[in-house]
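Coordinate inspection notes
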Amino acid sequence: MESSNSRSFGFATRAIHAGDTQSDNHGALVPPVYMSSTFVFESTKQGADRFEGLELGHFYSRVSNPTLDILERRFAAIAGAEAALACASGMGAITSVLWSILQAGDEIVVAKTLYGCTFAFLEHGLSKFDIKIHSVDMCNIEAVQSVMSDKVKCIFFETPSNPNMELVDIAQISQIAKVYDALTIVDNTYCTPYLSRPLELGADITVHSATKYLGGHGDLVGGMVAGSQDLLTQVRLVGLKDMTGAVMAPLTAHQIMRGLKTLELRMDRHCGSAMFIAKKLEAHPLVAKVYYPGLKTFNQYDLAQQQMLKPGGMIAFEVIGGKQAGVAMMDTLTLIKRAVSLGDPDSLIQHPASMTHSAYSVKERKAHGISEGLIRLSVGLETPQDILDDLAKGLAAIKTIAPTLSMAS
Ligand code: 7XF
């Protein structure tokens, strides 16, 4: 159904149909999974022509595969992009993009707070290859401008950032990048293309951990990239093919396509439940601070309204009594699972300083705005009241370890 790529179809329609050419599949509604690493040539010349790009067609699944091809077309259609690329993981997507853009002597401007392994790749990895990393507060436009120069090849950020929920003004940063001919790369994992559309706001590339909302069921690891055909060809043929080899498995592509069919439905529920939970947490006497873009008290509420369709399914918060009290709360939970990752049907809770962001040293966490007591909750698809009841039970446990804590403190 090629025409379903068209913008005249709604998001959910594109997420279900786009990219499926329905060719030669015996009428199967769900396309077959091409579990083949290689593809047979009719002649030696045909093989040579495919390698040289003179004839379109698959030749090896590290470069392209029919099942990945449908997912890539479908994802491009929902991201509002010319092209997309499937990778083995979110980190595979990020590294395939950056290795194809950067070379020794280049500079890159990145947001102060990023997912732990992205930070480690940049600060401890790329910096070993004579690539200068400028880590700046993206809310401070003068700070961003002060590090820009012709040496800067790209600006990279997450919005909201993992784990502290800081937003970055996509349109504003993309404008600055354009002045210096730098690419704007947005990690859109938290929002997905349903809640945020960075490419329409001026960004050049989006990267996504498909492990999260896109797959949506906690049963796979994958990554997606979206952007212009030219850039994506470069990322496929240089970054993915030669530099990382981080290609997605065909079965994973099939699972992600199943996930995408319910993405809009699931995101609506994640957002509704997170809003309900965030409001209750904010009103709880043992909760010190809640970071959720849907709350009027969120210090970037206006920006959230401007660039997010809904406030998302992720909440960060701190409890009175700090890390020790937070651990007591987490260890008392029974429905909400203590686990990293996010965007699953199951609600997941974790402690960034000791888990997802342990690649930062204590000093680095302090400098990068990740507090030691912060707790991150991925609000799942369970009955919202059940999630709340579990949290209330956890919060009540704080009183048992610190009975002196006053409900009013
Ligand atoms: O390689 P992955 O599929 O795990 O994706 C990496 C990644 C990239 N960007 C963002 C914003 C992410 O959150 C992630 C993975 N984050 C998980 C988490 O924060 O729970 C990883 C668990 S250690």
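Residues numbered from 1 in each chain as written. Predicted model: local features only at pLDDT ≥ 70, side-chain atom pairs only at ≥ 80, totals over all residues. Heavy atoms only, no water.

1. What to know about the site of the ligand
Taken together, 18 residues lie around the ligand, and Asp-187, Ser-209, Thr-211, Ser-341 and Arg-376 are the ones closest in. Contacts to the ligand include Lys-212, whose side-chain N or O atom sits 3.3 Å from a nitrogen atom. A distance of 2.8 Å separates an oxygen atom of the ligand from a polar side-chain atom of Arg-376. Considered on its own, the ligand offers 530 Å² of accessible surface; in the complex 87% of this is hidden by protein. In terms of residues, the shell around the ligand owes the most to one element, helix α4 (residues 90-101), which gives three residues. (Near = heavy atom within 4 Å. Polar contact = N/O pair within 3.5 Å; in protein donor to acceptor, adjacent residues only side chain to side chain. Areas by Shrake-Rupley, 256 points an atom, 1.4 Å probe, with all protein chains shown as cover. Helix = DSSP H or I, 4+ residues; strand = E, 2+ residues; numbered from the N terminus.)

2. A look at the sheet that holds strand β11 (residues 348-350)
With mixed pairing, five strands are arranged side by side in an open sheet as β8-β9-β12-β11-β10. Strands with a single pairing partner mark the edges of an open sheet, and in this sheet they are β8 (287-291) and β10 (337-338). Looking at chain direction, strand β9 (residues 314-319) and strand β12 (residues 375-378) are connected through four bridges and run antiparallel. Bridge pairing links Ile-315 to Leu-377 in β12. Those strands touched by helix α11 (residues 263-283) are β8, β9 and β12, and its axis lies near 15 degrees from that of β9. On the sheet, helix α15 (residues 384-401) packs against β8, β9, β11 and β12 and is oriented at approximately 20 degrees with respect to β9. (Pairing = 2+ DSSP bridges. Contact = heavy atoms within 4.5 Å. Axes fitted to C-alpha atoms, helices over the stretch in contact; angles between N-to-C directions.)

3. A few points about the pattern of salt bridges
Evaluation of the coordinates by the stated rule reveals ten salt bridges. Among the salt bridges present, the one from Asp-49 reaches Lys-45, with a minimum N-O distance of 2.7 Å. With Asp-49 and Lys-45 both in helix α2 (residues 44-52) and four residues apart, the pair spans about one turn of that helix. Assessed through its relative accessible area of 14%, Asp-49 is described here as buried. Between Asp-69 and Arg-73 there is a salt bridge whose closest N-O contact spans 3.2 Å. Taken together, the residues Asp-69 and Arg-73, both in helix α3 (residues 66-79) and four residues apart, mark about one turn of the helix. Overall, the relative accessible area of 35% leaves Arg-73 in the partly exposed class. (Salt bridge = Lys/Arg side-chain N within 4 Å of Asp/Glu carboxyl O. Buried < 20%, exposed > 50% of the residue type's maximum accessible area, 1.4 Å probe, protein only.)

4. A look at the sheet that holds strand β5 (residues 183-187)
Read from one edge of the open sheet, seven strands run β1-β7-β6-β5-β4-β2-β3, paired in mixed fashion. Looking at the sheet topology across the chains shown, the edges are occupied by β1 (83-87) and β3 (132-136). If you compare each strand with its neighbour and ignore which way they point, the axes differ by 20 degrees on average. The sheet contact formed by strand β4 (residues 152-158) and β5 spans five bridges and is parallel. Following the sheet pairing, Cys-154 is matched in β5 by Leu-183. Where α3 meets the sheet, it contacts β1, β6 (205-209) and β7 (223-227), and its direction lies at approximately 130 degrees from that of β1.

Purely geometric stuff here, so don't read any function into it on its own.
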